[in-house]
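Structural characterization, general
Residue strings, one per chain:
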Amino acid sequence: MEHIVIIGNGIAGVTAARHIRKLSDKKITIVSAESDYFFSRTALMYVYMGHMKFEHTQPYENWFWEKNRIYLINAYVSKVDHVNKTLNLGDNKKLAYDTLIIATGSKPNKFGWPGQDLKGVQGLYSKQDLDEMEVIAPNNQVCKRAVIVGGGLIGIEMAEMLRSRNIPVTFLVREDSFWNGVLPDGESQMINEHIKAHHIDLRLGAELGEILAGENGRARAITIKGNGEEIACDLVGLTAGVTPNIDFLKNSGIEIDRGVKVNRYLETNIKDIYAIGDCAQQHEAIGNRRPIEAVWYTGRMMGEALAQTVCGNRIAYNPGHWFNSAKFLDIEYQTYGWVFSTEGKKNYERHFHWRHATENLCITIAFHKDSKQFLGINTFGIRMRHEIFDRWLTEERHTDYVIEYLKDANFDPELYSKYEGKIVSKYNVEFGTNIYPKKKSWKRIFNSA
Amino acid sequence: MKTIKYSGLVVFLIGLGIFTILPLIGAYRLDQSNFDDIVKDKDFNSELFVEEINNNVVGKEFNGMMGLSAEVKKSLNQANAQHRENKEYDKVIYTSGKDMAALLGKASGTGFIAQNKGVMWFLTFGLGIIGALLFILPNVILLGKAGIKNDGIYHQNSTNRGWIAWAVFVFLVSFYLVLYFAPQFAVNWTYLVDPISESLSGNPAGHWFVYGFMYCTVMTVMAVRMYIKYRHNVYQMVRTTSVLFFQIVFAFLIPEIMVRLQMPYYDFKNIFPLDYDFFFSWNLNELMSSGGIGLFILVWGIALTLVAVPVMVYFFGKRWYCSWVCGCGGLAETLGDPYRQHSDKSLFAWKVERWLIHGVLVFAVVMTVMTLYSFFSESGTVMGIKTQSVQNVYSLAIGSIFAGVIGTGFYPIFGNRVWCRFGCPLAAYLGFVQRFKSRFRITTNGGQCISCGNCSTYCEQGIDVRAYAQKGENIVRSSCVGCGICSAVCPRGVLKLENGPEEGRINPTEILLGNDVNLMDLVNRK
Ligand SMILES: Cc1cc2nc3c(=O)[nH]c(=O)nc-3n(C[C@H](O)[C@H](O)[C@H](O)COP(=O)(O)OP(=O)(O)OC[C@H]3O[C@@H](n4cnc5c(N)ncnc54)[C@H](O)[C@@H]3O)c2cc1C
Ligand code: SF4
Ligand code: SF4
């Protein structure tokens, strides 16, 4: 029987395994070094914050794997020998495979900062990182201040985590506004304000100089590049992005760049070896996507697609419309389609922006300047319906249409205040239209479902 | 702020402490005249019992209920034993020893407690309410900006099954044991609320009145906590107000006022089979002898079960009752909210749940069929089984132990909906309708779930919400009470409770929205 071995029990590897099991009777083994069972990395913050226990981050009960005949091995793969089709698992143990799926995820970036390997300097990626954080920053007595380096999604999560234990946080962001490489200025500005309102010492346009060592090889302070300001701290969080975790593949013959190079079928240069999830790098980016897509959803989608290929129905990884979500402290964010930042905007792209006068709510709609075709939406503090926007993107709707039927897309809990009226009036003023928002209709919402 | 909070805790604990020792202290002396009144009122046939009480109890000073209760029980047992021996069955008194002790005890209180009801009310309920509010209100500031407030739940002893949780467990269980099985020890508590009871129904308070009053008080105070904790969430605010309203007005005030107006005591929102004794013969007899209002209640009660349940559940899901109206649900959503994360999410627990809750439903229905058969055929037995015994078993095992002692007492350990999830026969019935014929569902927002598990962790009904959400599948489960917390805690805006068209409500998916449309078509079509 064909033996499929998957390295990495993250969302990508596990999704592939589940779907292969549904489609076939092949022998499936997952080798992973971080934890015995699959857990949701995205939930690590909630464990530190006391919302959940670690076991709550595991989406499947422990019996699930055996019942579905998915064999789990907790080991680190140090080498892939594709000629003999075996893996080295350390201690001279070897594992033979017929088909290999590499789904080893990412690791936090380190840019060669002086002191980056001191104790008390860490990223937030793995369960071990979480455990380490619990040791370094159990409370604000032991950790009197933390400095976080890198203004992305994980950085802000780490800041929120530390604040939940009342640890003072300094947040160094290289850009002059939070995440403005992705978010349009208005939104980025709102998040800046929100971060400060949470008593986080946000330093915009500030870069890390070096990390200074104290006793016992522990970090005691950092300096800011340029002005040399020293900030004493007990924890330094490095959250300046992630890179594929593929060092063990160097010189294996598998083609790698930053990630494992794959074609649209997620095949590497070697027959019977595939790569999915954070560690896979497309030869050519798909549409507006990046060649390496390090998000949860794409890992899952690659797993879904690859399972077909491995089970004989060769199918390309062909993701639909882009979507994503995050939460910035108290503000939920969702995006559907493409809305680029003010700087990164395409030359055909125009934005309509609405922000509530007092609440932390705003939306940005991107559209084509000539045709006014709807290209995407960012929404903060207002939940929106994925299905509806996916459909409107497929139907290439005019922005006037989207505005008119915006109520269909609202996904906020029942009884919440609605803002479509305000949004539509601002739109009317800005574009000289005379749109009246249509009442929400179940018929429209479900018509193509 | 923290100082206010912790002084509030101290005040609360003092109030609670005094309340807790009340059952064990107090002076009792049964005056001759009081006893004579009781004898006249109750019309005991047993002169032996009256004589025993006259000799052993009347005029004597008892310190604490223990002694008095023992004497009363002894007298009652002796008298009954004598009558049985003499085959004077008409003289046997069927009131139980504990109830008799409660009855006589209530008329005997003499000391400080019985004479200073107002002061004692303040020292118990008053301090409890003030202390609790002082403890809760600073959260407006301490909790910071509006938003999800679950920080530290699994770090705190009280909400992570630590010793405080176990202490609360012991307290709650003991409280329910006293209430159901040793009401004579609740006599001192009844004094505290006599003035309130008298102003409502005109009668002095019994232990059930204490319970009702306390229930409303606890719910109100803990509702304040809910308002602060969920102040960013309108659904939670409105729902909390609704359960509070129904508890105070329908379960507490209206029945008491009806008694004052010589009408039957009736809670207009308590639906059979939760209201399991609705069809018991004593209730039917009382209703039928109460004229127009009795008849109205009879029709109303039947209509609730046969019409309101299916119609309302069809349009709104079982939440209209379980988390907007019901008193059990109301307590669970207020007092129980800090414990919601303890419901077991395993598949095993789900199996146990289905056996138990449907077992109770079958039990309730069988009992009621027997009851009605007995009522109309005027025979006490059905196929050789005594209806009365079946009723007694149900009242004890389900009505008292399951719904009360376990249902509420186990909050801090097994979560706040133990009864609603595993035991309530009405919930089982509402659940059937919700599962098979309803517009209600929790919609999953396409492919947005990140499998974080917040929803499952905070589902009080032990539903593994994530298992559905991460497959892009709507949640249609008979046990969901529509509390809306899963939707509130989801950090990605994945879940929405809504009433929509039945078609497409249940949507099993394998490939989630956002992936290749052809692949979705290929896999999801089958
Ligand atoms: C804190 C945090 C929050 C996030 N939040 C979001 C979010 O909100 N939304 C979102 O879309 N994305 C989020 N992400 C990103 C998302 O979690 C990742 O994109 C996703 O987990 C990647 O999944 P994967 O299966 O590719 O790899 P991983 O989940 O990284 O799994 C790879 C596994 O393989 C193991 N492994 C690696 N090398 C070896 C080896 N040689 N031998 C054995 N085992 C090995 C690793 O230890 C790891 O357990 C977040 C990430 C983090 C760290
Ligand atoms: S599924 Fe959601 S709404 Fe239903 S009971 Fe659980 S938490 Fe409440
Ligand atoms: S809380 Fe939301 S994102 Fe997290 S598992 Fe549940 S549905 Fe998914």
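Residues numbered from 1 in each chain as written. Chains lettered and ligands numbered in written order. Predicted model: local features only at pLDDT ≥ 70, side-chain atom pairs only at ≥ 80, totals over all residues. Heavy atoms only, no water.

Some remarks on the overall build of chain B
- On a plain count of helices and strands, chain B comes out with 25 helices and six strands.
- The C-alpha atoms of chain B give 26 Å as radius of gyration, which agrees with the globular expectation for 526 residues (24 Å, within 12%).
- For chain B, the spread of C-alpha atoms along the three principal axes comes to 90 × 65 × 40 Å.
- With 526 residues in all, chain B has 56% of them scored as buried. (Helix = DSSP H or I, 4+ residues; strand = E, 2+ residues; numbered from the N terminus. Rg over C-alpha atoms; globule rule 2.2 N^0.38 Å. Buried < 20%, exposed > 50% of the residue type's maximum accessible area, 1.4 Å probe, protein only.)

Points about the domain arrangement of chain A
All names here are of chain A.
- Looking at the assigned domains, one finds that chain A contains domain 1 (3–107 + 243–310), domain 2 (121–240) and domain 3 (323–448).
- The straight-line distance from the C-alpha centre of domain 1 to that of domain 3 is 35 Å.
- Each partner contributes residues to the interface: domain 1 has six residues there, and domain 3 has six residues.
- Taken together, both faces of the contact between domain 1 and domain 3 bury some 550 Å²; the carbon and sulfur share is 57%.
- At the surface where domain 1 touches domain 3, the tally comes to one residue pair in polar contact (both at pLDDT 80 or more).
- For the side of domain 1 that touches domain 3, a count of residues per class yields three nonpolar, one polar and two charged. (Domains from an automatic or database assignment. Contact = heavy atoms within 4.5 Å. Buried area = accessible area lost by both parts, 1.4 Å probe. Polar contact = N/O pair within 3.5 Å; in protein donor to acceptor, adjacent residues only side chain to side chain. Nonpolar A, V, L, I, M, F, W, Y, C, P; charged D, E, K, R; others polar.)

Describing the site of ligand 1
- Taken together, the neighbourhood of ligand 1 is formed by 33 residues, with A:Glu34, A:Val77, A:Tyr125, A:Asp278 and B:Arg492 sitting nearest.
- What surrounds ligand 1 is not a single chain but chains A and B.
- A distance of 3.5 Å separates an oxygen atom of ligand 1 from a polar atom in the side chain of A:Ser32.
- Here an oxygen atom of ligand 1 sits 3.5 Å away from a polar atom, N or O, in the main chain of A:Val295.
- Relative to its unbound accessible area of 990 Å², ligand 1 is 94% covered by the protein chains.
- At the level of elements, helix H1 (11–23), helix H5 (153–163) and helix H7 (296–310) of chain A are the ones that each hand at least two residues to the shell around ligand 1.
- Considered class by class, the residues forming the shell around ligand 1 number 17 nonpolar, 11 polar and five charged. (Near = heavy atom within 4 Å. Areas by Shrake-Rupley, 256 points an atom, 1.4 Å probe, with all protein chains shown as cover.)

A closer look at the interface of chain B and chain A
- Tallying the contact residues gives 65 residues for chain B and 67 residues for chain A.
- Together, the buried faces of chain B and chain A total about 5200 Å²; carbon and sulfur atoms form 49% of this surface.
- Broken down residue by residue, the surface that chain B buries against chain A is led by B:Gln448, B:Arg492 and B:Lys496, which jointly contribute 12%.
- Our enumeration of links across chain B and chain A arrives at four salt bridges.
- Close ionic contact of A:Glu157 with B:Arg492 constitutes a salt bridge, the shortest N to O distance being 3.9 Å.
- Counting the contacts that link chain B with chain A gives 36 residue pairs in polar contact (both at pLDDT 80 or more).
- Among the elements of the structure, helix H12 (234–260), strand E5 (440–444), helix H22 (454–458), helix H24 (485–489), strand E6 (495–499) and helix H25 (517–524) of chain B are those that each provide at least two residues to the side of chain B that touches chain A.
- With five residues, the top contributor of residues to the side of chain B that touches chain A is E6(B).
- Looking at the side of chain B that touches chain A residue by residue, the class counts come to 26 nonpolar, 25 polar and 14 charged. (Salt bridge = Lys/Arg side-chain N within 4 Å of Asp/Glu carboxyl O.)

Notes on the sheet that holds strand E1 (residues 3–7) of chain A
Residues and elements named next belong to chain A.
- Reading across from one edge, E3-E2-E1-E7-E19 is the order of the five strands in this open sheet, with parallel pairing throughout. Of all strands in the sheet, those with a lone pairing partner are strand E3 (70–74) and strand E19 (273–275), marking the two edges. With strand direction ignored, the average angle separating the axes of adjacent strands in the sheet is 20 degrees.
- Pairing geometry for strand E7 (residues 99–102) and E19, over three bridges, is parallel. Its bridge partner being in E19, leucine 100 is matched across the sheet by isoleucine 273.
- Packing against the sheet, H1 makes contact with E1, strand E2 (27–32), E3 and E7, and its axis sits at approximately 170 degrees to E2.
- In this fold H7 packs onto E1, E7 and E19, with an angle of close to 165 degrees to the strand it touches most, E19. (Pairing = 2+ DSSP bridges. Axes fitted to C-alpha atoms, helices over the stretch in contact; angles between N-to-C directions.)

Thoughts on the packing of aromatic side chains
Residues and elements named next belong to chain A.
- Following the criterion strictly, the structure yields 70 aromatic pairs over all chains and no others.
- With a centroid separation of 5.5 Å and an interplanar angle of 5 degrees, the aromatic rings of tryptophan 338 and phenylalanine 340 are classed as stacked.
- A ring pair is formed by tyrosine 401 and tyrosine 405, whose centres lie 4.4 Å apart and whose planes are at 40 degrees; its orientation type is tilted.
- The class for tyrosine 401 is partly exposed, based on a relative accessible area of 21%.
- Judged by relative accessible area, tyrosine 405 falls into the buried class, the value being 13%.
- One cation-aromatic arrangement involves arginine 397 over tyrosine 401; the distance from NZ or CZ to the ring centre is 3.9 Å. (Phe/Tyr/Trp six-rings, centres within 6.5 Å; stacked < 30°, edge-to-face > 60°. Lys NZ or Arg CZ within 6 Å of the ring centre and 35° of its normal.)

Side note on the pairing of strand E24 (residues 362–368) of chain A
Residue and element names in this part refer to chain A.
- By the criterion of burial, E24 is predominantly enclosed, with six of the seven residues buried.
- Adjacent in sequence and paired antiparallel, strand E23 (residues 349–355) and E24 are bridged by six residues.
- The turn joining E24 and strand E25 (residues 374–380), which pair antiparallel and follow one another in sequence, is formed by five residues; a positive phi near 60 degrees is taken by lysine 372.

Here we look at a negative patch on the surface
- A contiguous patch of negative charge, built from B:Asp36, B:Asp37, B:Asp41 and B:Asp43, is present on the exposed surface.
- Here B:Asp37 shows up in helix H2 (residues 32–42). (Patch = residues over 30% accessible without salt bridge, like charges linked within 9 Å, V, L, I, M, F, W, Y side chains within 5 Å. Lys, Arg positive; Asp, Glu negative; His and termini not counted. Charge placed at Lys NZ, Arg CZ, Asp CG, Glu CD.)

Notes on the sheet that holds strand E15 (residues 230–232) of chain A
Residue and element names in this part refer to chain A.
- Taken in spatial order, the three strands line up as E13-E14-E15 in an open sheet, and their pairing is antiparallel. Among the strands making up the open sheet, the edge pair consists of strand E13 (208–213) and E15. Looking at each pair of strands side by side, their axes are set apart by 25 degrees on average, direction ignored.
- Across three bridges, the pairing between strand E14 (residues 219–224) and E15 is antiparallel. Looking across to E15, one finds that alanine 221 is bridged to alanine 232.

Digging into the site of ligand 3
Residues and elements named next belong to chain B.
- Near ligand 3, the surroundings consist of 13 residues, among which Cys449, Cys452, Gly453, Cys455 and Cys490 are the closest.
- Going through the elements one at a time, H22 and helix H23 (465–469) are the ones with two or more residues in the shell around ligand 3.
- By residue class, the composition of the shell around ligand 3 is nine nonpolar, three polar and one charged.

What about the packing of helix H10 (residues 187–200) of chain B against H12(B)?
Residues and elements named next belong to chain B.
- As a packed pair, H10 and H12 sit with axes 8 Å apart at the nearest point and diverge in direction by 65 degrees. In contact with Glu198, Ser199 and Leu200 of H10, H12 contributes Phe252, Leu253, Glu256, Ile257 and Arg260.
- Per-class residue counts for the contact of H10 with H12 are four nonpolar, one polar and three charged.

Looking at the nonpolar core
- The biggest cluster of nonpolar side chains holds 125 residues, and the ones touching the most others in it are A:Val80, A:Leu87, A:Ile101, A:Leu162 and A:Phe389.
- With sequence-adjacent residues up to four places away left out, A:Leu87 is seen in contact with A:Val5, A:Ile7, A:Val77, A:Lys79, A:Val80, A:Lys93, A:Lys94, A:Leu95, A:Tyr97 and A:Leu100.
- Residues B:Leu104, B:Val187, B:Cys216 and B:Val243 belong to the second largest nonpolar core, which totals 62 residues. (Core = buried A, V, L, I, M, F, W, Y, C linked by side-chain atoms within 4.5 Å.)

Some points on helix H11 (residues 420–431) of chain A
Residues and elements named next belong to chain A.
- Over its 12 residues, H11 runs 16 Å from end to end, which matches the ideal 16 Å to within 8%, given 1.5 Å per residue.
- Among all positions of H11, only Glu420, Ile423, Val424, Tyr427 and Asn428 are buried. The arc that holds the buried residues of H11, viewed along the axis, is 135 degrees, so those residues lie on one side.
- In this structure, the buried side of H11 is in contact with E23, E24, helix H9 (399–404) and helix H10 (406–409).
- Glycine 432 occupies a position one or two residues after H11 and carries a positive phi of about 60 degrees. (Expected span 1.5 Å × (residues − 1). Arc of directions from axis to C-beta.)

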